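# Chains, contacts and geometry: an overview
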Amino acid sequence: MDSNSDRGFVFCFGFAFNNVQFSDHLLRIEITNGGEITNGDSVQDRKRRRRDVNTSEEAAVMELLKFMYTNSLSSVTDVPALFRVLMAADKFEVASCMQYCTRSLLNIPMTFPYASFPPEELTALPLVGIMTLLMSNDLMITSEDIVYEVVLKWAKANYSVLEERQGILNHLAPYIRFPYMTCPRLKKILTSDDFEPSVAHKLVFEALFFKAETSLAHRAAIKADSLGRRFIERSYTCRPIKTVEFEVPHRQCIVYLDLTRTECNALYPSNRIFSQKFHLGGKEFLLSPCCNKDQQNRFHHFGLFLWSQEKGSSVSVTVNYEFSSRWKPTQEFVVRRKGKYKFTGVQSIGFRDVLGAPWASFIGEDSPYFINDLLHLRAQLSIRL
């Protein structure tokens, strides 16, 4: 069933919805529980859950009926409610409502995955629901790794047969931003059965090539491709990085972090952002650019800190670190600061004024630190025994 439309014109019958002047029969809708209940559940838990999953579906069906009269969901504004209406529209094949919900959801920044949905509701989403999530450029998540893990969980919950699951993941692959996943997670895809080997190699190598591509013009050309949705960066709460790792002659990690001028402006006067995590010597690290005042509390500067994320770890590691930035007119990386520090837990080390310049000189239009409005940072970390 679907709402009334003819040759592109949409008719609105909102005036007749639930109006006794136009309705002479009472429609009774009863939502029943068709699922199995495990023996481990208590009676009270079963009753509470049945009452809650029933209440939300009843509300979604009523909104769907209202939409079929009015072609609008003006009273449904939060993400979970829109998804429930989308699920009802998918169940009863109301295509126009599915399109309406999809358009609305794509215009709303969404926290992913669990702030918007309990895990059981997320895995219960229909295919159109999970596709709508993946299509959004405004998912507020730490990294694409989390998106991929949730998609895997959804696929395994809904497609138990391996071949079917691989087929559905192939269908969803264009909406997953593989180039923004971390290298360790990409490597796991190559050794997993998530995709057929040929598909896995294509997706991973394509992502790694994009990470290695330093030409901004070439990246822009890829992103402009009509089929290049997976190359578009989402609203990650932790900034994506590129890493290069070496084991010889000693353990070393080179981390590249690019920030736009807009992102740097947003740091003023006392904010900070964090990069995605990376690993060295069995420990998790991240970079944190910030704006702060110097120790004399006089001037603002651009700062950069290295954080260790290992909570409760008794293992210590001594890291040699070196911070660099690209510089006009040569556009080569120039070493700004270096040091050595022994990390034993959640700790940070860095510099309040990593570039040796006041904030106004750093952020100004004639700043030598921005190349095509991008600040290019590099951190070289090594462990020498």
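Here the structure is a predicted model, which means the values were calculated and not measured.

### What to know about the overall build of the protein
When you go through the protein residue by residue, the secondary structure sums to 12 helices and 16 strands. Per-residue burial for the protein yields a buried fraction of 42% across its 385 residues. For the protein, the proportion of contacts with a sequence separation of at least 24, taken over those separated by at least 6, is 66%.

### Considerations on the packing of aromatic side chains
Counting across every chain of the model gives 21 aromatic pairs. Each ring, one from Phe-210 and one from Phe-231, has its centre 5.2 Å from the other, and the planes form 45°; the classification is tilted. With a gap of 21 residues between them, Phe-210 in helix α9 (residues 197–212) and Phe-231 in the loop between α10 (216–224) and β5 (238–239) connect regions that are remote in the sequence. Each member of the pair, Phe-210 as well as Phe-231, is classed as buried. Between Tyr-321 and Phe-323, the ring centres sit 5.5 Å apart and the planes meet at 40°, which makes this aromatic pair tilted. For Tyr-321, a relative accessible area of 6% puts it in the buried group.

### Examining a nonpolar patch on the surface
A cluster of nonpolar side chains, Leu-190, Phe-205 and Leu-208, forms an exposed patch at the surface whose accessible area comes to about 240 Å². Counting through the fold element by element, Leu-190 comes out in helix α8 (residues 183–190).

### Let's talk about helix α5 (residues 127–135)
In terms of burial, α5 is a largely internal element, 8 of the 9 residues being buried. Of the residues making up α5, those classed as buried are Val-128, Gly-129, Ile-130, Met-131, Thr-132, Leu-133, Leu-134 and Met-135.

### Digging into the nonpolar core
Cys-97, Phe-178, Ile-189 and Phe-195 are the most contacted members of the largest nonpolar core, which has 55 residues in total. If you look at the next biggest cluster of nonpolar residues, it comprises 35 residues, including Val-317, Phe-343, Ile-349 and Phe-351.

### Quick look at the confidence of the model for the protein
Summarising the model, the protein shows a mean pLDDT of 82, and 79% of its residues fall at 70 or more. Confidence drops under a pLDDT of 50 for residues 1–9, and excluding neighbours within four residues, the segment shows 19 contacts in the predicted structure. Here residues 35–52 scores under 50 on pLDDT; set against residues more than four positions off or in separate chains, the count is 6 contacts.

### So, α8
Within the sequence span of α8, burial applies to Cys-183, Arg-185, Leu-186 and Ile-189. Seen end-on, α8 carries its buried residues on one side only, within an arc spanning 160°. Structural note: α8 exposes Lys-187 and Lys-188 on the side pointing more than 90 degrees away from its buried face.

### Remarks on the packing of helix α6 (residues 144–158) against helix α7 (residues 162–172)
Interaxial distance between α6 and α7 falls to 10 Å at its minimum, and their mutual angle equals 140°. Here α7 runs oblique to α6, going by the angle between their axes. Judged by the sense of rotation from one axis to the other, the crossing of α6 with α7 is right-handed. Touching Val-151, Leu-152, Trp-154, Ala-155 and Lys-156 of α6 are Arg-165, Ile-168, Leu-169 and Leu-172, all from α7. For the contact of α6 with α7, the residue count by class is 7 nonpolar, no polar and 2 charged.

Here is what the cut-offs are and how they apply
Residues numbered from 1 in each chain as written. Predicted model: local features only at pLDDT ≥ 70, side-chain atom pairs only at ≥ 80, totals over all residues. Heavy atoms only, no water. Helix = DSSP H or I, 4+ residues; strand = E, 2+ residues; numbered from the N terminus. Buried < 20%, exposed > 50% of the residue type's maximum accessible area, 1.4 Å probe, protein only. Contact = heavy atoms within 4.5 Å. Phe/Tyr/Trp six-rings, centres within 6.5 Å; stacked < 30°, edge-to-face > 60°. Patch = residues over 30% accessible without salt bridge, like charges linked within 9 Å, V, L, I, M, F, W, Y side chains within 5 Å. Areas by Shrake-Rupley, 256 points an atom, 1.4 Å probe, with all protein chains shown as cover. Salt bridge = Lys/Arg side-chain N within 4 Å of Asp/Glu carboxyl O. Core = buried A, V, L, I, M, F, W, Y, C linked by side-chain atoms within 4.5 Å. pLDDT = per-residue confidence, 0-100. Arc of directions from axis to C-beta. Axes fitted to C-alpha atoms, helices over the stretch in contact; angles between N-to-C directions. Parallel < 35°, antiparallel > 145°, perpendicular 65-115°, else oblique. Left-handed = near helix turned anticlockwise from the far one by under 90°. Nonpolar A, V, L, I, M, F, W, Y, C, P; charged D, E, K, R; others polar.

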